[in-house]
Amino acid sequence: MTTGPLPLRTRLRPRPAPAPRRGVRAVFRGPLAGALCGLLLASGCGVLPGGGDDEPPVTVMTWAPLRTTGTNAPGMTAMARAYERWVNAGGGIGGRELRVLVCDEGNESVAAAECARRAVREKAVAVVGSYSEQDAAIFSPISLAGIPYLGGYGITHEEFVNPDSYPVNGGLPALIAAQGAQLAPDCDRVALVRPEGVTGDTWPDLLRAGLRGAGGKGEVVDLPVPVASSDYTPQAGQVLDRLAPAPAARRCVSVALGDSTAAFVDSFRRVAPSSGTGAGGTEAGTGGTEAGATPAVRVGSVLGSVSQRLVDRSGGASGPYEGAAVTGWYPPASDPRWATMKKVITRHAFGDNAIDPADAGVQTTWIAYTALRRIVESLGEGPVTARTVRDALDKGTKVSTGGLTPTLSWGDDYARSVIGYPRTANTRVTHLEVRDGQLVAAQGTGVGPGATGDAREALESEPTGSGGRE
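For the structure given in this document, a descriptive report is provided here. (Residues numbered from 1 in each chain as written. Predicted model: local features only at pLDDT ≥ 70, side-chain atom pairs only at ≥ 80, totals over all residues. Heavy atoms only, no water.)

What about the pattern of salt bridges?
For step 1, the next point in the chain: A full pass over the atoms with the stated rule returns 22 salt bridges.
For step 2, the next point in the chain: As a salt-bridge pair, arginine 390 and aspartate 164 come within 2.2 Å of each other at their nearest N and O atoms. Here arginine 390 is found in helix α12 (residues 386–394), whereas its partner aspartate 164 is found in the loop between β4 (149–150) and β5 (165–166), with 226 residues between them in sequence. Take arginine 390 and aspartate 164: they sit in the same class, and that class is buried.
For step 3, the next point in the chain: A salt bridge links arginine 390 to aspartate 394; its shortest N-O distance comes to 3.7 Å. (Salt bridge = Lys/Arg side-chain N within 4 Å of Asp/Glu carboxyl O. Helix = DSSP H or I, 4+ residues; strand = E, 2+ residues; numbered from the N terminus. Buried < 20%, exposed > 50% of the residue type's maximum accessible area, 1.4 Å probe, protein only.)

Now the structure itself:
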């Protein structure tokens, strides 16, 4: 559970001076040290935990793509900065100053590798709450240095198999599987629109596993598309063509393109006849009676590709996302369990509009820093290094997030470890929907999933078919 500010009697220890300070503690050893300690205790003065005023800060790094033509996540680095200001204003972590480094990962391997190398140079004890699709570039430097990767966004498969990774959610694999379960009652055919490349190659099988695990018999059509395009008209036409074999009003499209989702849905809305997106169940065209009219297609997506901000700027209840099925990892942003995070944003982000409390990256960063705080506090007065932080993670130190996730732990004997995704500590998912222009918890229908679920079974299902391609 996230705790409030530390007691006022705890103060931050200043950073060490640039010049070496060897021998400072040695001067006060022996009888003189004992006498000084006795005077301090007699006067009622306490001694700060951690070993002295030359205690270095707890240095961590958060990276994310900030100014690319693809998916950007500036809210993650901004949330990290706000958390730093908040925790230091309350006395730090166990009396230690928190020092947050941020880095623009650039969504390309050279920049990502440089971020990782900088974390090594700066002696970061962890990389926390970060986003990168460049798994080879980031893991090689930090793994060699023994730096743990705590609470990454969950975009790559490597985050769930690499022993240096400690994820706080089930990643995109869990969301795609949960999307299948959410669409199962309504869809006989689902077109999965996802990025080209190996990152999403397993997604069709996961979507199918989710569909069938929820009792659906829907077929999955895989449509990998280039990211960072401003016009998806040809691909939108392909979706309509490949959904055609399904019965009317049983056609669905699941779009998981990150920041490019809006561009695809805009193109799809232009290609599809009136009412061609949304909740489905009605004929498109004028009253659905026009000869040859295409039935409405239900839209699905995942949190991170669809947000409340996107719904708002797309027309709210009258826009293309009304009725959309959206899967996420955490409770909706309106849930009171996010209250502390929202207060921190209000008081310590200084109006930074990059931080959206409903953004999945912002939420993941908050949870990752919550985990970091608990791990550092568990070390007591001992040294805080990459090695000690990793040891605390590996021994199974439990982390409570105030109900935002299940209790997190990454010890070898942790029961939630998932076959095929051995680093997974949390397979909980949430089912959301856009209702009256608001992204809210899905309403149970008796045949569909309720507001929460678990993606473990779907994640462990054996892949079937050829990835959904026809």
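Following the structure, the description resumes.
Quick look at the sheet that holds β5
For step 1, the next point in the chain: Reading across from one edge, β2-β1-β3-β4-β5 is the order of the five strands in this open sheet, with parallel pairing throughout. On the outer flanks of this sheet lie β2 (98–104) and β5, each paired with one strand and no other.
For step 2, the next point in the chain: Bridge count for strand β1 (residues 58–64) against strand β3 (residues 126–128) is two bridges, and the pairing is parallel. Bridging across to β3, valine 60 finds its partner in alanine 126. (Pairing = 2+ DSSP bridges.)

Focus: the pairing of strand β8 (residues 251–255)
For step 1, the next point in the chain: When you tally the buried positions in β8, you get five out of five residues, the bulk of the element.
For step 2, the next point in the chain: On β8, burial covers both faces: Arg251, Val253 and Val255 on one face and Cys252 and Ser254 on the other are all buried.
For step 3, the next point in the chain: In this structure, strand β6 (residues 189–195) lies alongside β8, joined through five bridges in parallel fashion. Across the sheet, residue valine 190 finds its bridge partner in β8, namely cysteine 252.
For step 4, the next point in the chain: The pairing of β8 with strand β9 (residues 297–302) spans five bridges and is classified as parallel. In the sheet register, valine 255 faces β9, and the bridge partner there is serine 301.

Here we look at the pairing of strand β10 (residues 325–328)
For step 1, the next point in the chain: Residues Ala325 and Thr327 point to one face of β10 and Val326 and Gly328 to the other, with burial holding for every one of them.
For step 2, the next point in the chain: Two strands pair when backbone bridges link them, and β9 and β10 are joined in this way by three bridges, in the parallel orientation. Bridge pairing links valine 302 to threonine 327 in β10.
For step 3, the next point in the chain: A crossover links β9 with its parallel partner β10, the connecting element being helix α9 (residues 308–313), and its sense is right-handed.
For step 4, the next point in the chain: Pairing of β10 with strand β11 (residues 428–435) involves four bridges; the strand directions are antiparallel. Looking at the pairing, glycine 328 lines up with threonine 430 of β11. (Right-handed = clockwise from strand over helix to strand, strands pointing away.)

A short note on the nonpolar core
For step 1, the next point in the chain: Counting 111 residues, the largest nonpolar core has Val60, Leu98, Val253, Trp366 and Trp410 as the members making the most contacts within it.
For step 2, the next point in the chain: Among the elements that line this core, the one with the most residues is helix α11 (residues 360–378), at 10 residues.
For step 3, the next point in the chain: Counting 18 residues, the second largest nonpolar core, distinct from the first, contains Met61, Trp63, Ile138 and Tyr149. (Core = buried A, V, L, I, M, F, W, Y, C linked by side-chain atoms within 4.5 Å.)

Some points on the state of the cysteines
For step 1, the next point in the chain: The tally for this structure, following the rule as stated, stands at two disulfides.
For step 2, the next point in the chain: Each disulfide pairs two cysteine sulfurs, and for cysteine 103 the partner residue is cysteine 115, the sulfurs being separated by 2.0 Å. Here cysteine 103 and cysteine 115 share a disulfide; its torsion about the S-S bond, -85 degrees, makes the bridge left-handed. With cysteine 103 in strand β2 and cysteine 115 in helix α3 (residues 109–121), this residue pair connects regions lying 12 residues apart in the sequence.
For step 3, the next point in the chain: By relative accessible area, which is 13% here, cysteine 103 ends up buried.
For step 4, the next point in the chain: Cysteine 115 sits in the buried class, given a relative accessible area of 0%.
For step 5, the next point in the chain: Linked covalently through their sulfurs, cysteine 187 and cysteine 252 form a disulfide whose S-S length is 1.9 Å. Given an S-S torsion of about -85 degrees, the disulfide between cysteine 187 and cysteine 252 has left-handed geometry. (Disulfide = S-S within 2.5 Å.)

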